[in-house]
Each structure stands twice: as C-alpha cells, then as structure tokens.
Amino acid sequence: LTYVTLIILASMIFVLSAMVGYLYWQQTRMMQQLNSISFAVSSHLASIAPPELPEPEAEEEVQEAEIPEEDDRASVEQVEIVSAPPEPDIDDIQSKTTKQLQELLTKKGIPYGKRESKTTLMELLKATA
C-alpha cells in the first residue's frame, strides 16, 4: 500500500510539473506574438502621415490686426530712480547679534542654516557685499 501511494504521488508531481512547463511554453509563445503585433502596429502608425493642421500663426495675425493694443508701459520720464539702501560696513556687521545677521541675510534673500555660527553668517554677508 505504501509503494502504491508513493507511485501515485510521484506521478501526480510529474503531471503537475509537465503542466507548469506547458503553461510557461504557452506564455512565451504568447509574448512573442504580442511583441510582433505591437511592432507591426507601431511601424504601420509611423508610416501614416499626420493630417495637415491650419497654421495658428495666421489666425493670431488677423486678431492682432483687428484689435489695437494699448501700450501700458511707462515712459522713461515717468519712472523714479530709487537708490539702494547703503550696505552695512564690515565693522558694523561685527557688532550685530546672530539674530540681526540672520535678518540681514533674509532681507537679501541669502539662504543660511538656522544653527550656523555668527562667524559663518558674517562671512556670508561679507561674500555678498
């Protein structure tokens, strides 16, 4: 009885492994067929010329000609010249606190680390001056 059970079990394992092999072989064939179909479709689509679209530039020129645009730019005479604030001296920087140096860097838009020392902040300000 034991030998018969082992023979049946071995034959079932053999049949199952053959079925798995067959499914793998079918899957491989299916993938090859899909690749060949996708290649044929893509080569066919590449050979088809896209339809000619009307040029949008011609339409824009017609619209620009019909509607005159107003010039909203200010003339040179109307612009006021604003002087930049004076740069702090190096001696003035050394007397400032770390918080004040960080505020100066923030106003100038210079990135800095929150844990950087006062000397590092002073070097950043000196480099940008």
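Throughout what follows, the structure given in this document is the object of discussion. Along each chain, numbering runs from 1 in the same order as the chain's sequence is written. Only residues with pLDDT of at least 70 get local features here, since the model is predicted, and only at 80 or more are side-chain atom pairs given and counted; chain-wide, interface and lining totals rely on the full set of residues. Heavy atoms throughout the structure, all of them, feed into the side-chain values; hydrogens and water do not.

## Things to note about the overall build of the protein
Spelled out, the test is: To qualify as a helix, a DSSP run of H or I must reach at least 4 residues; to qualify as a strand, a run of E must reach at least 2; elements of each kind are numbered from the N terminus. Contacts are assigned to residue pairs with any non-hydrogen atoms lying within 4.5 Å of each other. Here the Shrake-Rupley method, with its probe set to 1.4 Å, supplies the accessible areas, and only the displayed protein chains count as covering residues.
When helices and strands are tallied, the protein shows five helices and zero strands. Sequence-ordered secondary structure for the protein, helices as α and strands as β, is α-α-α-α-α. A separation of at least 24 residues holds for 20% of the contacts in the protein among residues at least 6 apart in sequence. Looking at the protein as shown, the accessible area adds up to about 12200 Å², and 62% of this sits on carbon and sulfur atoms.

## A word on helix H4 (residues 98-108)
Heads up, the rule is: In this scheme, a residue with accessible area under 20% of its type's maximum is buried, one over 50% is exposed, and one in between is partly exposed, where area comes from a 1.4 Å probe on protein chains only. Our arc is simply the arc of the directions from the helix axis toward the C-beta atoms.
For H4, every residue scored as buried is listed here: Leu-101, Gln-102, Leu-104 and Leu-105. Across the axial projection of H4, the buried residues extend over an arc of 160°, all falling on one side. Turned more than 90 degrees away from the buried face of H4, the exposed residues are Lys-99, Thr-106 and Lys-107. A positive backbone phi angle near 80° is found at Gly-109, which sits one or two residues after H4.

## Digging into helix H5 (residues 118-128)
Along H5, the residues that are buried comprise Leu-121, Met-122 and Leu-125. The arc that holds the buried residues of H5, viewed along the axis, is 100°, so those residues lie on one side.

## Regarding the nonpolar core
This is how it is decided: Buried residues of nine kinds, namely Ala, Val, Leu, Ile, Met, Phe, Trp, Tyr and Cys, make up a nonpolar core once their side-chain atoms join them within 4.5 Å.
Grouped together as the largest cluster of nonpolar side chains are eight residues: Ile-93, Leu-101, Leu-104, Leu-105, Ile-110, Leu-121, Met-122 and Leu-125. If you list the elements that add at least two residues to this core, you get H4 and H5. Beyond its immediate stretch of four places on either side in the chain, Leu-125 contacts Ile-93, Leu-101, Leu-104, Leu-105 and Lys-108.

## Here we look at a nonpolar patch on the surface
Put simply, the test is: A residue counts toward a patch only above 30% relative accessible area and without a salt bridge, and it is joined to like-charged neighbours within 9 Å or, for Val, Leu, Ile, Met, Phe, Trp and Tyr, to nonpolar neighbours within 5 Å. Here a salt bridge means any side-chain nitrogen of Lys or Arg lying within 4 Å of a carboxyl oxygen belonging to Asp or Glu.
Taken together, the side chains of Tyr-3, Leu-6, Leu-9 and Ile-13 present a nonpolar region at the surface, about 480 Å² in accessible area. Among the secondary structure elements, Leu-6 is positioned in helix H1 (residues 2-47).

## With respect to the packing of aromatic side chains
Defined as follows: Each aromatic pair joins two rings of Phe, Tyr and Trp (for Trp, the six-membered one) with centres within 6.5 Å, and gets the label stacked for planes under 30 degrees apart, edge-to-face for over 60, and tilted for any other angle. In our convention, an over-ring charge means Lys NZ or Arg CZ found within 6 Å of a ring centre and within 35 degrees of that ring's normal.
Evaluation of the coordinates by the stated rule reveals one aromatic pair. On the basis of an interplanar angle of 45° and a centroid distance of 5.9 Å, the ring pair of Tyr-22 and Trp-25 is categorised as tilted. Within this pair, Tyr-22 and its partner Trp-25 are both found in helix H1, separated by three residues, close to a single helical turn. Taking the relative accessible area as the measure of exposure, Tyr-22 reaches 48% and is therefore partly exposed. Its end group placed over the ring of Trp-25, Arg-29 keeps NZ or CZ at 5.0 Å from the ring centre.

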